[in-house]
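Residue-level listing of the chains:
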Amino acid sequence: MKKADLILTDISYILTMDENFTEYKNADIVIKDEKIIDIGENKKNEYFGKTIVCKDKIAIPGLINTHTHAAMTLLRGYGSDNPLKVWLEEYIWPAEGKFVSYEFVKDGSSIACYEMLRNGITTFVDMYFFEDAVAESIKAAKIRGVLCTGILDFPTPGAKSPDEGLKKTEDFIKQFEKDEYVYPCVGPHAPYTCSPNTLKKAMDLAEKYDVLFHIHVSETKHEVNEIKEKYGETPVKHLDKIGVLNDRVLTAHMVYPTEEEIEILAKRGVKVAHCPESNLKLASGIAPIPKMLEAGITIGIGTDGTASNDDLDLIGEIATCAKLHKGVNLDPTVVNARQALAMATIGGAKSIRLEDKLGSLETGKLADIILIDINDPHLQPIFDPYTHIVYSSTGKDVDTVIVNGNIVVSEKKVLTLCKDELVEKAKNWGEKIKKEVKR
């Protein structure tokens, strides 16, 4: 028998989410040196090591949240029921200007890490400020993060100018370029907050260090009209014209691409982080996901920040995604359960250019695995495990979470962070914000 670090045995269903949607029943996953080294039936008879019996569990790859602003847990629900422009300019930006600091970001991000792990998210893409504080939270929680400082053409809590933001980004990339949990990237906020010059400099930096380029694009009609008035082109065409669209680009939202722009996105290999619940709450609109999928564009799922969502439950986001597009297209066959789950797993991995390491349960890939508890009345009987995950379960059904081969959630309890301490920090920040800013 061969030595293993961890053996997950008797798993009721294993949904690998590989390119063939390979499935196993009553099978095992073997982990060693942070990676999956074997998967299939009766593998437990070939290895020895720490063993966990996983009867009445479904194993899937760790979920990948392709767009969020983690620290905004401390602004959860703040300024709700306002249009995006009002929400940002009259509520969020003033509050951030007053309170965002290293401590604010660290506490808010730790709360987010707890919530994401509890809901089965093992990797997330974050754009915010003081990303070194986010990195500190990530390493304590043992969750994986693709992190970028938001770069804008006006002063922010993170930088007084876009050049300072780019400099801090470069320093951050150098600091964490070989980290096992932190993956630095470049994050210009949006085409309406960044000049062509800033966007080009950001792309030069991303190409210099071969990292992801993450940006909000075509989130609202107001944005589309503003870009057309300023540059004479719609947002995607504007970005393409200045030469900043390629296969390292992950765009957030993409609610209003034209058919011509969808063709451009597909041709350039640009990925899209779809945030259906945030777009619904802010009444931004509904992204044409079926059309983009049909064009061959890689789609990931994002929660956005909790100030506009208001949770970090990616399973709930998947359900919204699937049902939303069926409804608006009057077609129950679009965005089926397998497609929806793929967006949150292998689609997410492709979106962040880490599909060689994450997104599916295959030998040689990092052991980012979640186990969903199906021993509950709302998850029985099972006719199709994919539809059960997408339409019947929530993040609260996640029982076990493994990141890099390490168990970080066991029996629905987060092991790396203290729930009571985080609740107390959230309450304290809430009191400060209530006293000093617009409610």
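Check the entry above for the structure.
Residues numbered from 1 in each chain as written. Predicted model: local features only at pLDDT ≥ 70, side-chain atom pairs only at ≥ 80, totals over all residues. Heavy atoms only, no water.

Caption draft 1: Structural detail: the overall build of the protein. A tally of regular secondary structure across the protein gives 15 helices and 18 strands. Its C-alpha radius of gyration of 21 Å places the protein within 12% of the 22 Å reference for a compact globule of 439 residues. The 439 residues of the protein split such that 61% are buried. In the protein, once contacts between residues fewer than 6 apart in sequence are set aside, the share between residues at least 24 apart is 73%. Accessible area for the protein stands at about 17300 Å²; split by element, carbon and sulfur atoms hold 48% of it. (Helix = DSSP H or I, 4+ residues; strand = E, 2+ residues; numbered from the N terminus. Rg over C-alpha atoms; globule rule 2.2 N^0.38 Å. Buried < 20%, exposed > 50% of the residue type's maximum accessible area, 1.4 Å probe, protein only. Contact = heavy atoms within 4.5 Å. Areas by Shrake-Rupley, 256 points an atom, 1.4 Å probe, with all protein chains shown as cover.)

Caption draft 2: How the structure looks around a nonpolar patch on the surface. Residues Leu280, Ile286 and Val328 make up a contiguous nonpolar surface patch of roughly 230 Å² in combined accessible area. Secondary-structure assignment places leucine 280 in helix α9 (residues 276-281). Under the relative-accessibility criterion, leucine 280 is labelled partly exposed at 40%. (Patch = residues over 30% accessible without salt bridge, like charges linked within 9 Å, V, L, I, M, F, W, Y side chains within 5 Å. Salt bridge = Lys/Arg side-chain N within 4 Å of Asp/Glu carboxyl O.)

Caption draft 3: Quick peek at the nonpolar core. Grouped together as the largest cluster of nonpolar side chains are 127 residues, with contacts concentrated most on Phe104, Phe124 and Leu341. Looking at which element gives the most residues to this core, the answer is helix α2 (residues 102-118), with 8 residues. Those residues in contact with phenylalanine 104 that sit more than four places away from it in its chain are Ala71, Leu74, Leu75, Phe99, Tyr128, Trp429 and Ile433. Residues Ile11, Ile14, Leu361 and Ala367 belong to the second largest nonpolar core, which totals 16 residues. (Core = buried A, V, L, I, M, F, W, Y, C linked by side-chain atoms within 4.5 Å.)

Caption draft 4: Broad picture of a negative patch on the surface. Among the surface-exposed residues, Asp5, Asp33, Glu34 and Glu180 lie close enough to one another that they form a single negatively charged patch. Locating glutamate 180 in the fold gives a position in the loop between α4 (162-176) and β9 (182-184). By relative accessible area, which is 37% here, glutamate 180 ends up partly exposed. (Lys, Arg positive; Asp, Glu negative; His and termini not counted. Charge placed at Lys NZ, Arg CZ, Asp CG, Glu CD.)

Caption draft 5: Structural detail: helix α14 (residues 385-392). Among all positions of α14, only Pro385, Tyr386, His388, Ile389 and Val390 are buried. The elements touched by buried residues of α14 are β1 (2-15), β2 (23-32), β5 (57-61), α11 (314-329), α12 (337-343) and β15 (369-373).

Caption draft 6: Representation of the pairing of β2 within the structure. As paired strands, β1 and β2 are joined by 7 bridges and run antiparallel to one another. Bridging across to β2, leucine 15 finds its partner in glutamate 23. Direction of pairing for β2 relative to strand β3 (residues 35-40): antiparallel, over a ladder of 5 bridges. Of the residues in β3, the one forming a bridge with aspartate 28 is glycine 40. (Pairing = 2+ DSSP bridges.)

Caption draft 7: Focus on unusual backbone geometry. With an omega of -5°, the peptide bond between glutamine 380 and proline 381 qualifies as cis. Of note, proline 381 is situated in the loop between β15 and α14. Here the phi dihedral of methionine 17 falls at roughly 60°; this positive angle occurs in a residue that is not glycine. Residue asparagine 42 is not a glycine yet carries a positive backbone phi of 60°. Within the fold, asparagine 42 resides in the loop between β3 and β4 (47-53).

Caption draft 8: Region of the structure containing helix α6 (residues 221-231). Residues of α6 that are buried include every one of Glu223, Val224 and Ile227, and no others. The buried residues of α6 occupy one face: seen down the axis, they fall within an arc of 100°. Projecting away from the buried face of α6 at angles above 90 degrees are the exposed residues Lys221 and Glu229. Buried-residue contacts for α6 involve β11 (213-217) and α7 (235-241). Among the residues trailing α6, glycine 232 stands out with phi positive, at a value near 80°. (Arc of directions from axis to C-beta.)

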